Structure formats: C-alpha cells, structure tokens
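Now for the letters of each chain:
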Amino acid sequence: MREFDVAIIGGGIAGLSLAYFLAPHRSVAVIEREDGLGYHSTGRSAAEFVLRYNAPEVCELAAISKVFFDRPPEGFSDVALLKQRGGVMIANAEKTARLEAVFAEESAVNPDLKRLTVDEAIALVPILRRDYVAGAFYDPNFWDIEVDNLMQGYLRGARRHGAAIIERSDVLAPHRKDDRWVLATSAGDVSAKTIVNAAGGWADPVAELFGLAPIGIVPHRRTAITVDLPDGIDALTLPEINEIDEDFYMKPEGGRLLSSPADATPCEPADVQPEEIDVAWAAHYVEEATTVPVRRVFKSWAGMRSFAPDRLPVIGFARERPDFFWLAGQGGYGILTSPALGALAASLIVGTATPHGFEAASLDPSMFSPVRLEA
Ligand SMILES: Cc1cc2nc3c(=O)[nH]c(=O)nc-3n(C[C@H](O)[C@H](O)[C@H](O)COP(=O)(O)OP(=O)(O)OC[C@H]3O[C@@H](n4cnc5c(N)ncnc54)[C@H](O)[C@@H]3O)c2cc1C
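Student: Please give an account of the packing of helix H2 (residues 56–70) against helix H8 (residues 338–350) that cites residues and values.
Tutor: Contact geometry of H2 with H8 gives a least axis separation of 7 Å together with a crossing angle of 95°. As judged from the angle between their axes, H2 and H8 are roughly perpendicular. Mapping the contact onto sequence places Leu 61, Ile 64, Ser 65, Phe 68 and Phe 69 in H2 and Ser 338, Pro 339, Ala 340 and Leu 341 in H8.

Student: Which residues make up the environment of Val 190, and what values do they have?
Tutor: Among the structural elements, Val 190 can be located in strand S12 (residues 188–197). A relative accessible area of 0% means that Val 190 is categorised as buried. Val 190 sits 187 residues away from Glu 3 along the chain, and the two C-alpha atoms are 5.9 Å apart. Non-local contacts of Val 190, meaning those with residues more than four positions away in its chain, are made with Met 1, Arg 2, Phe 4, Ile 31, Ile 166, Trp 181, Val 182, Leu 183 and Thr 185.

Student: Mind laying out the side chain of Asp 139, listing which residues take part and the relevant values?
Tutor: Locating Asp 139 in the fold gives a position in strand S7 (residues 135–139). Notably, Asp 139 is buried but unbridged: the nearest opposite-charge side chain belongs to Arg 52, and the N-O separation is 6.9 Å. Side-chain polar atoms of Asp 139 contact the side chain of Asn 110, separated by 3.3 Å. A distance of 2.8 Å separates a polar side-chain atom of Asp 139 from the backbone nitrogen of Asn 141.

Student: I'd like a rundown of the pattern of salt bridges, residues and numbers included.
Tutor: Oppositely charged side chains can pair when the atoms bearing their charge come close. Evaluation of the coordinates by the stated rule reveals 23 salt bridges. A salt bridge links Lys 251 to Asp 144, with the nearest nitrogen and oxygen atoms 3.2 Å apart. Of this pair, Lys 251 sits in strand S15 (residues 249–253) while Asp 144 is found in strand S8 (residues 142–145), placing the two residues 107 residues apart along the sequence. Judged on exposure class, the residue Lys 251 and its partner Asp 144 are both buried. Shared partners join several salt bridges into a network, and the residues in it are Lys 95, Arg 98, Glu 243, Asp 245 and Asp 247.

Student: Report on the packing of helix H1 (residues 13–22) against H8, specifying residues and quantitative values.
Tutor: Viewed as axis vectors pointing N to C, H1 and H8 meet at an angle of 55°, and their least axial separation amounts to 8 Å. In terms of axis orientation, H1 runs oblique to H8. Relative to H8, the crossing made by H1 is right-handed. Contacts between H1 and H8 involve Ile 13, Ser 17, Leu 18, Phe 21 and Leu 22 from the first element and Ser 338, Pro 339, Gly 342, Ala 343, Ala 345, Ala 346, Ile 349 and Val 350 from the second. Its residues assigned to classes, the contact of H1 with H8 comprises 10 nonpolar, three polar and no charged.

Student: So what about the sheet that holds S8? Which residues, and what values?
Tutor: The antiparallel open sheet is built from three strands, whose spatial order is S3-S8-S4. Looking at strand neighbours, the two that pair on one side only are strand S3 (48–50) and strand S4 (82–84), the edges of this open sheet. For this sheet, the mean inter-axis angle between neighbouring strands, taken without regard to orientation, is 35°. The sheet contact formed by S3 and S8 spans three bridges and is antiparallel. Residue pairing in the sheet places Val 50 in a bridge with Phe 142 of S8. Set on the sheet, H2 makes contact with S3, S4 and S8; between it and S3 the angle comes to about 120°.

Student: Please provide a residue-by-residue account of the domain arrangement of the protein chain, values included.
Tutor: On domain assignment, one finds that the protein chain holds domain 1 (2–69 + 146–216 + 309–372) and domain 2 (87–140 + 218–307). In this structure, domain 1 and domain 2 have C-alpha centres spaced 30 Å apart. Taken together, the contact pairs 21 residues of domain 1 with 20 residues of domain 2. Buried area between domain 1 and domain 2, summed over both chains or domains, comes out near 1,700 Å², and the portion from carbon and sulfur atoms is 48%. When the area that domain 1 buries against domain 2 is broken down by residue, the three leading residues are Arg 44, Arg 52 and Arg 311, summing to 31%. As a salt-bridge pair, Glu 106 and Arg 52 come within 2.9 Å of each other at their nearest N and O atoms. Taken together, the links from domain 1 to domain 2 amount to 12 residue pairs in polar contact (both at pLDDT 80 or more).

The rules behind the values
- Sequence positions are assigned chain by chain, starting from 1 and proceeding in written order.
- Only residues with pLDDT of 70 or above have their local features reported here, since the model is predicted, and side-chain atom pairs are shown and tallied only from 80 upward, although totals for entire chains, interfaces and linings are computed over all residues.
- The basis for every side-chain value is the complete set of non-hydrogen atoms in the structure, without hydrogens or water.
- Interaxial angle, 0 to 180 degrees, is taken between N-to-C directions of lines fitted to C-alpha atoms, where a helix line uses only the stretch in contact.
- Secondary structure follows DSSP: runs of H or I at least 4 residues long count as helices, runs of E at least 2 residues long count as strands, and numbering of each begins at the N terminus.
- For classification purposes, angles smaller than 35 degrees are called roughly parallel, those larger than 145 roughly antiparallel, those between 65 and 115 roughly perpendicular, and all remaining angles oblique.
- For this analysis, residues touch if any pair of their heavy atoms sits within 4.5 Å.
- For every residue, the accessible area (1.4 Å probe, protein chains only) is compared with the maximum for its type, and the residue is labelled buried under 20%, exposed over 50%, or partly exposed between those bounds.
- A positive count includes Lys and Arg, and a negative count includes Asp and Glu. His and the chain ends are not counted in either.
- Each reported salt bridge corresponds to a side-chain nitrogen of Lys or Arg within 4 Å of a carboxyl oxygen of Asp or Glu.
- Here a polar contact is recorded for every N or O atom pair within 3.5 Å, except that within protein the pair must consist of a potential hydrogen donor and a potential acceptor, and residues adjacent in sequence are included only if both atoms are side-chain atoms.
- In a left-handed crossing the near helix is turned counterclockwise from the far helix by less than a right angle, and in a right-handed crossing that turn is clockwise.
- As a working rule, the residues Ala, Val, Leu, Ile, Met, Phe, Trp, Tyr, Cys and Pro are called nonpolar, Asp, Glu, Lys and Arg charged, and the rest polar, with Gly in that last group.
- A pair of strands counts as paired when DSSP detects no fewer than two bridges linking them.
- An automatic or database domain assignment supplies the residue ranges for each domain.
- The term buried area denotes the loss of accessible surface (1.4 Å probe radius) that occurs when two parts are joined, taken as the sum for both partners.

Structure representation (structure tokens):
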C-alpha cells in the first residue's frame with residue numbers, strides 16, 4: 001500500500017494545478033479515472049483568457065492568475081502561456097441600444113475598450129457580415145491560453161516534487177483504515193489522510209462516496225464546432241467575435257473557426273456528446289453573423305461547465321471534515337483561474353498564508369468555502 005498525505009481525485013486542470021502547488025509541501029497522488037489527463041472539461045474548452053468574466057470575484061481571480069500566466073516560474077513552459085487575440089463585441093440592429101449600455105458600463109472599468117464603426121469592425125474582422133453587424137466595440141483584453149503547455153507545466157512541476165499520477169483508476173469504494181482513507185487504484189491500494197475532490201462534473205457524486213451530502217454542483221453542457229476559414233483569412237490575427245449577450249461566440253482554433261452557441265444545458269455528469277440541435281445552432285450563427293460558408297462541420301464536441309448554485313468556485317474543507325477538501329465548481333473559467341485557485345487550495349491545505357494577490361484584491365478565501373452551501 002502506498003501512503004500519501006493527500007489524494008486528489010481528478011486529473012483535470014483543477015487537480016493538476018493543485019498538485020503543482022501542493023507537491024513541494026505534501027506527498028501527493030492524483031487519481032484519474034480516464035486513460036489520459038484532461039480528457040473531460042479541461043480538454044474541451046475554448047482556451048480563452050479574459051479579465052472580465054461573470055462575477056467580480058472571478059475577474060479578481062483572473063487578474064491574480066494573469067501574473068502567473070505572464071511570468072510563470074523558470075522552466076514551466078517553453079512558450080508563452082497567453083497569446084493576445086483581442087475580441088470584438090457585436091450586436092445586430094435589434095441590439096444596438098444593448099451594445100451601447102454594455103459599452104458604457106464596461107468602459108467605466110476597462111479603459112482599453114474602443115468603439116468601432118461597422119466599417120472599422122469589418123476591417124478588423126473581415127469575415128463579419130455587413131448585413132448583420134450594426135454595432136461593435138473592441139476589447140484588447142482577450143488572450144488564447146496554451147492549455148496543453150499549462151497542463152504539462154503543472155504536471156512536470158508536480159512530478160518533480162514527487163507527486164504520483166495514477167491514471168485509469170476510478171475511485172469507487174473508498175474505506176477507512178485507522179485515520180486514513182484507502183482507495184483501490186490501478187497502481188494498487190493508496191492511502192491518504194486528506195482527500196481532495198477535484199472531480200469536475202462528478203464533484204457531488206464523489207462527495208457522496210465519502211459520506212458527504214451533495215452541495216448542488218450541476219454540470220451544464222456546452223457545445224463547440226470548428227469549420228474551415230476561407231482562403232486569405234489569417235487565423236493568427238483574427239480577433240474573437242462575441243455576440244453582446246453571449247448568444248454565441250467564435251474564435252480561431254487550430255487554423256479554423258470555432259463557433260459555440262454558448263449553450264448551458266444542465267446534464268448528468270458523463271462523457272457528454274454534442275446534440276445535433278446545438279451543432280446546428282453553432283453553424284447557424286456562423287452563417288448568420290459571418291461570410292464564412294459552412295460547407296462541412298470539421299469537428300464538433302461538447303463538455304461540462306459545472307456550477308455551484310451561486311456560480312462561485314467551491315474551495316475549502318467540508319464543515320467538520322478536516323479530511324475532505326473541495327476544489328470544484330469552476331464553471332466556464334476553470335482554466336483561466338487555475339493558477340490562483342490551485343495556489344489558494346494548496347495554501348488552505350498546508351495552512352500557509354493566502355497566496356499573493358488575494359489580500360490586495362480584498363478576496364477573503366472563506367467566500368469560496370463549501371460551508372456556504374452545506375445544509
Ligand atoms: C465548451 C467549453 C468551453 C470552455 N471554455 C473555457 C475557456 O475558454 N476558459 C476557461 O478558463 N474555461 C473554459 N471552460 C471551462 C473549463 O474547461 C473548466 O472549468 C475546467 O476544465 C474544469 O476543470 P476540472 O479539472 O475541474 O474538470 P475536468 O477537466 O472535467 O477534470 C475532472 C476529472 O475528474 C475525473 N474523475 C471524476 N470522478 C472520478 C472518480 N470517481 N475517480 C477518478 N477520477 C474521477 C474525471 O475523469 C475528470 O478527468 C470551458 C468548458 C467547456 C465545456
């Protein structure tokens with residue numbers, strides 16, 4: 001039996017980022033069900049980094065994370081983790097007043113926004129359809145995340161400090177032995193004092209395996225497709241396109257155009273697959289808002305974005321259970337916030353000071369505690 005201080009269940013970005021920050025201080029095992037890390041949500045994202053996203057707390061977590069992305073520790077990644085892409089918000093004729101309102105609200109906190117005429121918008125994003133776009137503004141603060149490099153950086157750092165990564169191991173029936181948890185894995189039995197629930201869409205069922213009540217983390221399916229870009233369109237420099245109410249978004253991906261209908265359908269945790277109707281909407285928006293002809297859908301996929309009822313991440317020990325730690329509920333921002341959330345989770349487990357940036361941002365880590373959601 002191999003003994004560890006901490007067993008992290010889930011080898012997505014949450015589990016790996018925590019392993020990275022925790023392994024210098026504790027012996028760590030990451031246990032992943034699939035044959036491959038990042039197989040679920042992490043491998044299916046749009047790989048986008050934005051500073052303005054949903055709740056103000058998430059914006060603060062993004063800002064804290066950006067410091068890490070911009071200057072990761074020596075040897076973490078051979079390439080820059082973020083590549084600036086910029087984004088254009090667009091509205092059709094029915095929504096120009098809405099675009100004005102969002103522009104006024106956002107420019108109060110983001111001085112980088114630039115109002116665009118339709119001609120300017122089309123000059124910047126030549127695939128935009130002139131008979132669709134009636135209003136637009138530009139925000140330089142959109143970046144592509146090099147998700148593979150980020151994952152590999154976390155993984156290498158964790159391994160360098162002795163973390164064990166155990167794949168193809170479904171944590172099914174843990175049991176107690178003395179003051180430790182014993183888990184059967186593909187690499188033999190593993191025992192750990194502390195369990196971390198980094199199981200993404202399965203966070204609630206995993207908690208139940210350990211005798212805890214679910215806290216209401218619900219996976220929501222989101223779909224994306226890619227289609228060919230016409231000749232002469234440079235995917236490297238093409239900005240992201242966002243419908244003003246996030247009815248859809250599009251961005252270059254692997255030399256093609258990714259389109260998502262921004263669906264958010266509650267679902268059971270599973271290896272979710274795209275529904276035909278959502279693929280059709282993704283293709284419809286490409287044809288409605290751009291001049292890109294959808295001759296074929298090159299690839300389509302779906303993944304889970306898992307939310308707690310208040311849509312904030314869930315980070316901390318369960319009430320009266322110092323052996324069970326939640327790292328879940330990262331919704332649609334788990335990759336872009338992984339440096340901040342991984343470091344925060346490690347500091348709470350080790351009992352060290354809150355990581356750099358949280359105090360300056362007036363983010364009290366207790367706001368993310370699962371205790372707020374426990375019955
Ligand atoms: C279409 C789409 C677009 C997105 N775009 C972005 C974006 O642009 N930027 C961004 O920051 N975020 C984005 N997200 C969200 C992001 O992908 C998630 O927040 C993040 O990947 C969650 O990571 P995770 O490690 O919690 O979950 P996962 O990557 O799902 O990892 C959880 C792991 O736990 C394992 N597991 C579960 N139960 C068990 C068990 N019993 N035993 C062993 N292993 C188990 C699973 O196999 C899984 O691999 C997007 C998501 C989707 C679907």
